[in-house]
Structure formats: C-alpha cells, structure tokens
Amino acid sequence: LHRQAEQTCRQLVRTQEEHERLLQAAVEQAEGLEHNLRSAEAVLAERAAQLKDTQAQLSRNRLLIKDLREENRGFAMALQAAELKQKSTEEKNQLLEEQASALKQLIGKITPASLSG
C-alpha cells in the first residue's frame, strides 16, 4: 500500500509538472497573442490616422475644385463679355470702313467737278 501510495504520488507530481509546462506554454502563447494584438492595434491606429489625413486632404481638394469652378465661371462670363464687345467693335469698324469708302467715292466725285469748274 505504501509503494502504491508512492507511485500515485510520483504520478501526481508528473501530472502536476506536465500541467505546469502546459500552463507555461499557454501563458507564453497568450503573451505572444497580446503582443501581436498590440502590434495590429498600432498598425490600425496608424492607418486610421493616414485615412483621416487623406480625408482632410480630399475635403481641401473639394473646396479648391469648387473655388476653381466658380473662378472658371467668372472667366467664362468675362470671356463672353469680351467676345460681345469685340463683335460690337468689329461691327462698328465695318460701319466706319463703309462710311470711309462712301466718303472716298463722294470726294472722288466732288474733286473732279471742282477742278474742272
């Protein structure tokens, strides 16, 4: 009975040692997982910050595009006004050229008559 008790005791000690090794391995595995989790959280935080910066840049770009569109609208209106003014000036110039030509013809008719008279 004494020998059986010793064997049981040794078996219990071996079982306890095996459990301690398994527990130590589980603790080490948990620590590794915690490290991996912290690393993943750091990467995610960095990516989130990058996305936030990108989103802010996109917002700024949208505002710049809006301003440029408004400025382009202003330029288009100014160009249209300039084109209308140019057309009006060309029409006035054409009228003046026609009047100058008519005056030349009139002077041409008057001049020979005054010279012969």
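Because the structure is a prediction, the values reported are computed rather than measured.

J.: Before we go on, may I ask you to explain a nonpolar patch on the surface in this structure?
T.: A cluster of nonpolar side chains, Leu-103, Leu-106, Ile-107 and Ile-110, forms an exposed patch at the surface whose accessible area comes to about 380 Å². By the element assignment, Leu-103 lies in helix H1 (residues 2-116).

J.: How should I be thinking about the environment of Thr-54 in this particular structure?
T.: Tracing the chain through its elements places Thr-54 in helix H1. Judged by its relative accessible area of 44%, Thr-54 is partly exposed. On a C-alpha basis, the gap between Thr-54 and Val-43 in space is 16 Å, while along the polypeptide they are eleven residues apart.

J.: Explain the UniProt feature "coiled-coil region" (unreviewed entry) in the protein here, please?
T.: Within the UniProt annotation, "coiled-coil region" (unreviewed entry) is assigned to residues 2-106. For residues 2-106, the helix share is 100%, the strand share is 0%, and the end-to-end C-alpha distance is 152 Å.

The rules behind the values
Residues numbered from 1 in each chain as written. Predicted model: local features only at pLDDT ≥ 70, side-chain atom pairs only at ≥ 80, totals over all residues. Heavy atoms only, no water. Patch = residues over 30% accessible without salt bridge, like charges linked within 9 Å, V, L, I, M, F, W, Y side chains within 5 Å. Areas by Shrake-Rupley, 256 points an atom, 1.4 Å probe, with all protein chains shown as cover. Salt bridge = Lys/Arg side-chain N within 4 Å of Asp/Glu carboxyl O. Helix = DSSP H or I, 4+ residues; strand = E, 2+ residues; numbered from the N terminus. Buried < 20%, exposed > 50% of the residue type's maximum accessible area, 1.4 Å probe, protein only. UniProt positions renumbered as here; feature names shortened; annotations may be inferred.

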